[in-house]
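# Summary of the model geometry
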Amino acid sequence: MPALSPSDRDPHVDARPTDTVDLDVLFVSAHPDDEAGSLATLGQWNEKHGAKAGVVTITRGEGGGNAVGLEEGPPLGIIREREERTAIGRAGVENLYNLDRVDFWYTASAPLSEQIWGHDDTLGQIVRVIRQTRPEIVMTMNPSPTPGNHGNHQQAARFAAEAFHAAADPKAFPEQITKEGLTPFRAAKFLRTGGTGSSSTGPQCAAGFVAAVPTDQVFGVWEGARSAGGKTWAEVEVDARRDYVTQGWANTAAAPTDPAKIRWAPGNRALTSPRVSLRLPQGWTATGSVAVRGAVPAGKERTVTFTVTVPAGADTNAQHLVGASLTTGQGTGRTDRAVRVVADVRGTLEPLPEVGLFRSWAGDSGYPQLDTLIKPVPTIGSGKSRTVRIDLRNHGETAQSGTVALGLPAGFTADAATKSYAALAPGATGAVTFTVTNSDASLPTANEGGDGGDGGITITTTSAAGSTVETGALEIVPTSEVPRAGHDHAVDGVASPGEYPGEELDLSRIWEGQATTAQDASATGRIAFTEDALVVFVQVTDDVLGKKVVPQDCKRQRRTDSVEIIVDPKGNSSDTSTVFKAGIFPVTDDPANGDPPCWQRDADNRQGPGATTAPGMTVVSKVTAPYTGYTVEARIPFAVLPDAIDPARMGFNVLVYDSDTQDLSSQSRLGWSTFTGVRADPYRYGLVALPGLTPAQRQPSAPVFPDTAARSVHSPQTIAQSAVDGVAPAAVTRLPERALRLTGQRQVADGVRVTVRADRAGTVYLHTADGDRSLGERSVQVRSGRPVTVVVPATGGAPTSVLAAFEAGGAALARQVPLT
């Protein structure tokens, strides 16, 4: 699309300014530190190939923990941005774009993340960054709901995938073209980090990587290579991780990628004599266009169409690469697409609701190959029964009838060996349903059962056209029956005889972190109920007490020794916004008051201090001296739960965090129902019944979400970058240069005096800076044509410039002026 003439443009916004940065790679993430595992890759690309990278971070991570201070919310977000800029700078990455979305909590739900952030506005910001910075490669994380994958990460990756296409589409966010003067831009490659497979150590690790999914194209770098500074890239990456001091980071690297094998086609002249050919698996054939009619002008696109035929008898449920090569008078290029061969009738295990949403998104967005990332894994209570639905789809051209057989592991039975379906029309969907029972209740539960918790199953679907086999798994979650509390029950930190008549729960299974011994960290628990509350008792054996938090820091219980009690009232929540989660520290650093326990709610229906968010909840702890562990006893009123309990099926879990250090980081995570990332996966919680309980009827409580994010106009580092690279703070619409003028800036006794002039009403956020940090800040309301002279404070250094962000009508502009 040709650039707009000045008379065509909206006079209230700028076209793409001449000083906008031109990137080669753009990494799209959710939080500061999400890119940390890719810094060795980005750094090597920069040193070896001159590839300039930038990072989009949707939030500033103000919902995370703080291992070194009491800041939280927006002030923590500004600190985490500073940490991220320092970290990525070690890899030569200078451009960071924060979108100012709120970091609400750790969740496994992409739909919840999309709901809180807003789909169109956030996607539009990312599209704007791509159109302004024009990267050849867009990188992101895993967009699928694999176990433990942060829902914010999933949604950030989905935004990246959508933006990759939308940035090239003139019909997507057309106001960016018609009013802002931007042009569509098509990136050449879209990559996700975290390749799955195997390799060896040493210089050949990248070349010898074998992908778990054969059609995955994996580009790798060896982190043992030395950087220009003399350190290996693995060492540089560790140094960068250590910059995230608020998070206590020191993890191993993610699987990287290498653009050395990627070609970039010239984009500033017409492509002459273009011809396209396909590369097909053996036995496949194709008919269709080969030559492209005429030259392809610069900035334009042409389409050629082929019809590909798969040979009869080809293996089903197999994925293959179909490649295309482009030959022109200027050179050659190639691309590939993974396609799956399926049977006429395919039967698949019913997905979890969010897995189903992901599959729909992947298909609609043009990424159906990402379905290989997810194993269908429904859960079943130990010794219980559940329905298992097999979803059918006829991909063929004629109606089909046939059978579905369900293959189960030892210890499981079904109500029938096979189920029939009939007259499934072409393109139609259907289903058959089995009732499956865990007939052997002695099987290990959670991640101790099966293969890492998964008991493999097969689905064999037959039709007149043949048969196909799909795989899945069942996971057994622990179950228990909760009795009434004994008559002499008291919340005193001691489980006296008769108080808890039910079974003892094993809370010693590891779900994340380092393995433990019984003395290092182990735990047991008991649960009971009264007429108006749940009562829970947890006994922890521990050899080292982690750092005590001060009472003001009673939050983020996973940082040190603590207990997390989780209740899903009806056992059917899809995410933690409809559950109750109490984080309990058995002891605090408060000697004046005897180092009492504290508790708070975290990442659930209503977060915050316990007294405010769970009125009437009682907690008592007893810590041994000399230290060998502690007990926690809690009474949780039914009234503070987000919904009335289903006495036949309440979701319940207890997680125990063990820290042996004084740096506010836990080394081991134990619990009752234990799977990777289980604290955010309600479907993997244990299930309990409360016979004899008649809960009071009530309406569910609407979830309360954090709604205050750190903002780019409050970040001097963002303002300084924006003043240089031309992308407006928070990647909103860019105001024209004439919108703001700063004049007369000079140092005075108490700061810097400066005169601000604007051509419209808005707010100007001013900072004094010494080239490295902000020395003071002030905001001022301005009106069109009316100059305002203000003094911006400066303390702790000698100011050298004034930074300003002007915000008006949803658009923004950044300026930086030196002192005179």
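These remarks concern the structure in this document.

How each quantity is defined
Residues numbered from 1 in each chain as written. Predicted model: local features only at pLDDT ≥ 70, side-chain atom pairs only at ≥ 80, totals over all residues. Heavy atoms only, no water. Helix = DSSP H or I, 4+ residues; strand = E, 2+ residues; numbered from the N terminus. Expected span 1.5 Å × (residues − 1). Buried < 20%, exposed > 50% of the residue type's maximum accessible area, 1.4 Å probe, protein only. Contact = heavy atoms within 4.5 Å. Polar contact = N/O pair within 3.5 Å; in protein donor to acceptor, adjacent residues only side chain to side chain. Lys, Arg positive; Asp, Glu negative; His and termini not counted. Salt bridge = Lys/Arg side-chain N within 4 Å of Asp/Glu carboxyl O. Phe/Tyr/Trp six-rings, centres within 6.5 Å; stacked < 30°, edge-to-face > 60°. Lys NZ or Arg CZ within 6 Å of the ring centre and 35° of its normal. Pairing = 2+ DSSP bridges. Axes fitted to C-alpha atoms, helices over the stretch in contact; angles between N-to-C directions. 1 Å grid on protein atoms, 1.4 Å probe; cavity = no way out; pocket = protein on both sides within 12 Å on 5 of 7 lines; lining within 4 Å. Points joined across faces, edges and corners; volume = space filled by probe spheres on them. Nonpolar A, V, L, I, M, F, W, Y, C, P; charged D, E, K, R; others polar.

Here helix α5 (residues 151-166) spans 22 Å end to end across 16 residues, near enough to the 22 Å set by a 1.5 Å rise per residue. α5 sits mainly inside the fold: 15 of its 16 residues count as buried.

Bringing the environment of R669 into the picture now. Structurally, R669 is set in strand β34 (residues 668-671). Residues R669 and I565, 104 residues apart in the sequence, show an inter-C-alpha distance of 13 Å. The contact partners of R669, leaving out residues within four places of it in the chain, are R509, I510, W511, E512, R558, V656, Y657 and R679. Among the polar contacts made by the side chain of R669, one reaches the side chain of S666 at a distance of 3.5 Å.

Here the focus is the side chain of D725. Along the chain, the position of D725 falls in helix α10 (residues 716-725). For D725, which is buried and forms no salt bridge, the nearest opposite charge comes from R734, at a distance of 7.2 Å. Within the structure, D725 has its side chain in polar contact with the side chain of Y97 (distance 2.8 Å).

Here we come to the packing of aromatic side chains. A full pass over the atoms with the stated rule returns ten aromatic pairs. Consider the rings of Y500 and F537, whose centres lie 6.1 Å apart with planes at 40°: the pair is tilted. In this pair, Y500 sits in the loop between β22 (479-481) and β23 (505-506) while F537 sits in strand β26 (residues 533-542), placing the two residues 37 residues apart along the sequence. Of the residues examined, F537 reaches a relative accessible area of 6% and is grouped as buried. Lying over the aromatic face of W361, R158 brings its terminal NZ or CZ to 5.7 Å of the ring centre. It is K419 that lies over the ring of F434; its NZ or CZ is 5.0 Å from the centre.

A separate point is the sheet that holds strand β21 (residues 466-477). Read across the sheet, five strands follow the order β14-β21-β20-β16-β18 without closing on themselves; strand pairing throughout is mixed. Every interior strand has two partners, whereas the edge strands, β14 (379-381) and β18 (418-424), have only one. Strand after strand, the sheet turns through a mean of 30° between neighbouring axes, direction not considered.

On to the sheet that holds strand β43 (residues 811-818). One open sheet holds the five strands; their spatial order is β36-β43-β42-β39-β40, and the pairing between them is mixed. If you trace the sheet from one side to the other, it starts and ends with β36 (733-734) and β40 (774-782), each paired once. Judged from the two bridges that link them, β36 and β43 form a sheet pairing that is parallel. Each residue of the ladder has a partner; that of R734, found in β43, is A812. Of the strands in this sheet, β39 (762-769), β40, β42 (801-808) and β43 touch α10, which is tilted by about 85° from β43.

On to empty space enclosed by the protein, then. Scanning the entire structure with this criterion turns up five cavities of 30 Å³ or more. Approximately 60 Å³ is the volume found for the largest cavity. Of all the elements in the fold, those that place two or more residues in the lining of the largest cavity are β3 (95-101) and α10. Ranked by residue count, the leading element in the lining of the largest cavity is α10, at four residues. Here the residues of the lining of the largest cavity sort into seven nonpolar, four polar and one charged.

What follows covers unusual backbone geometry. Note that the residue after A625, namely P626, is joined by a cis bond; omega there is -5°. Residue placement: P626 occurs in the loop between β31 (618-623) and β32 (629-637). Of note, D595 is a non-glycine position whose phi angle comes to about 50°, a positive value. Structurally, D595 can be placed in the loop between β28 (580-585) and β29 (598-601). A residue is classified by how much of its surface remains accessible, and D595, at 18% relative accessible area, is buried. The phi torsion at A731 lies on the positive side, around 55°, for a residue other than glycine. Tracing the chain through its elements places A731 in the loop between α10 and β36.

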